[in-house]
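# Inside the fold
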Amino acid sequence: MKIVTQADRGFESALKKASLRGLTARASVEKAVRTILQTVERGGDKAIIRYTKQFDRVALKADDLRITPDDIKNAYFRIRKDEGDALRLAARRITAFHERQRVKTWMYQDGDATLGQLVTPIDAVGVYVPGGKAVYPSSVLMCAIPAKVAGVRRIVMVTPPQKDGINPYLLVAADIAGVTEIYRMGGVQALAALAYGTQTIQRVDKIVGPGNIYVATAKRLLYGTVGIDMIAGPSELLVVADEQANPSHVAADLLCEAEHDEEAQVFLVTTSERMAKDVSKAIEHQLKGLQRGKIAGKAIARHAVAFVVPTMEEAIDVANRIAAEHVTLSVDNPFDYLDKIRHAGALFLGRYTPPSVADYIAGPNHVLPTGGSARFFSPLSVIDYVKVSNLVYYTKQELAKVKDSLLRLAYIEGFDAHAKSAQSRLL
């Protein structure tokens, strides 16, 4: 693990590199994505089937695209009871957290005028669940349950097909979460199907969920045709550790995030150079016993940096500049620093809050802003699944009270039809 102290000549350049790590797509990626989107828009199911065979090496017919109730029923027989119980426990806790995020229609009186906002759920949402190197039933719960809590009626899940079928954990998680439709399709072609619709799948209004650089690019290009949650990049974790932190715990937390993929980015910010060295040694030791040690090791070698600074205030400043997806405060009295943390997707406070407890079982959403976008994005929430319409009701008497100011503003902007629309009601 690379270690830089504030006195080092390369400290500022290392910090700048960490702060500017946002996801960018090469021109070749964007060109390929545009081609797939356009082909699916024109070709529908036939294009989906062709790309599925090309990219996933799975031959399907149009009738095979949609998962049936029997497929879901059979999935329960392919997992253990304790695994199903764990998924249900996670679902209950995720539901309990997100129910507290509900927002309601509100109104107030301003003289004889009634003003407010009408809050309504989105009609149809698409949930993208990645395939490939890992299986993510927890992401199914995190994406679908807030939609259910918000009142979304149609929740559509898409995930890349495997040669031996869709992973049973994904199907069980989708059933528990209240997903209404599931399709065997992944990659850019699946997002195109959700956005444009095909002969088999009706279009949705918003797409949520993480994915690789091609999926992220597709979401960016489709924004406007459909809504999206955010442009998600590789997983990230930043640990702020004081001199009393346990190096073994810190190393385990960093590896917890690094094992996602080779491009995962993890950082340590500490006031102790000894801590940085001890954590680096602990990482080397713990890597040897990890099932995904090669992946985590590459992520550490490519991107991991330990920043050593003189004071905790400067450590918090470094954390804010990096604006990581996950931020752990492994310090005494972590709540004392809450008013100083400005940019973080999720905060894990204290010595006994591993990132994994929030990834799976605590309840807050684990779909979080990455690449420094915690400066302006928030975690996925119930609010992402509703939309707001402004409400305005005026009586004739209240309109008369504001008429003169309304007319002045209309004439300032040169819109006399605006003025006349008000005047016509007061003749």
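Here we summarise the structure given alongside this text. (Residues numbered from 1 in each chain as written. Predicted model: local features only at pLDDT ≥ 70, side-chain atom pairs only at ≥ 80, totals over all residues. Heavy atoms only, no water.)

Each helix and strand in the protein chain was counted, giving 16 helices and 14 strands. Reported as C-alpha extents along the three principal axes, the dimensions of the protein chain are approximately 85 × 60 × 45 Å. When contacts within the protein chain are restricted to residue pairs at least 6 apart in sequence, those whose partners lie at least 24 apart make up 75%. On the protein chain, roughly 21400 Å² of surface is accessible, and the fraction owed to carbon and sulfur atoms is 51%. Of note, the protein chain has its 55 positive side-chain charges centred 6 Å away from the centre of its 47 negative side-chain charges. (Helix = DSSP H or I, 4+ residues; strand = E, 2+ residues; numbered from the N terminus. Contact = heavy atoms within 4.5 Å. Areas by Shrake-Rupley, 256 points an atom, 1.4 Å probe, with all protein chains shown as cover. Lys, Arg positive; Asp, Glu negative; His and termini not counted. Charge placed at Lys NZ, Arg CZ, Asp CG, Glu CD.)

Where a strand is regular, its side chains alternate between the two sheet faces. For strand β5 (residues 154-159), the tally of buried residues reaches 6 of 6 residues, placing the bulk of the element in the interior. Residues R154, V156 and V158 of β5 are buried on one face, and the alternating residues I155, M157 and T159, pointing to the opposite face, are buried as well. Bridging between strand β4 (residues 124-128) and β5 involves 5 bridges; their strand directions are parallel. Among the inter-strand pairings, A124 is bridged to a residue of β5, identified as R154. Inspection of the sheet shows β5 paired to strand β6 (residues 181-184) by 4 bridges, in the parallel sense. Bridge pairing links T159 to R184 in β6. For the handedness criterion, the β-α-β arrangement of β5, helix α7 (residues 168-177) and β6 is classed as right-handed. (Buried < 20%, exposed > 50% of the residue type's maximum accessible area, 1.4 Å probe, protein only. Pairing = 2+ DSSP bridges. Right-handed = clockwise from strand over helix to strand, strands pointing away.)

The next thing to look at is the packing of aromatic side chains. Aromatic rings in a pair are described by how distant their centres are and how their planes are angled relative to each other. The final tally for this structure, using the stated rule, is 4 aromatic pairs. Between the aromatic rings of Y51 and F55, the centroid separation amounts to 5.6 Å while the plane-to-plane angle is 5°, which identifies the pairing as stacked. Of this pair, Y51 and F55 both sit in helix α3 (residues 45-56), separated by 4 residues, roughly a single helical turn. On the basis of relative accessibility, which here comes to 6%, the residue Y51 falls in the buried class. Centroid distance W106 to Y108: 6.2 Å. Interplanar angle 15°. Geometry classified as stacked. Here Y108 falls in the partly exposed class, since its relative accessible area comes to 43%. Sitting over the face of the ring of Y51, R50 holds its NZ or CZ atom 4.9 Å from the ring centroid. (Phe/Tyr/Trp six-rings, centres within 6.5 Å; stacked < 30°, edge-to-face > 60°. Lys NZ or Arg CZ within 6 Å of the ring centre and 35° of its normal.)

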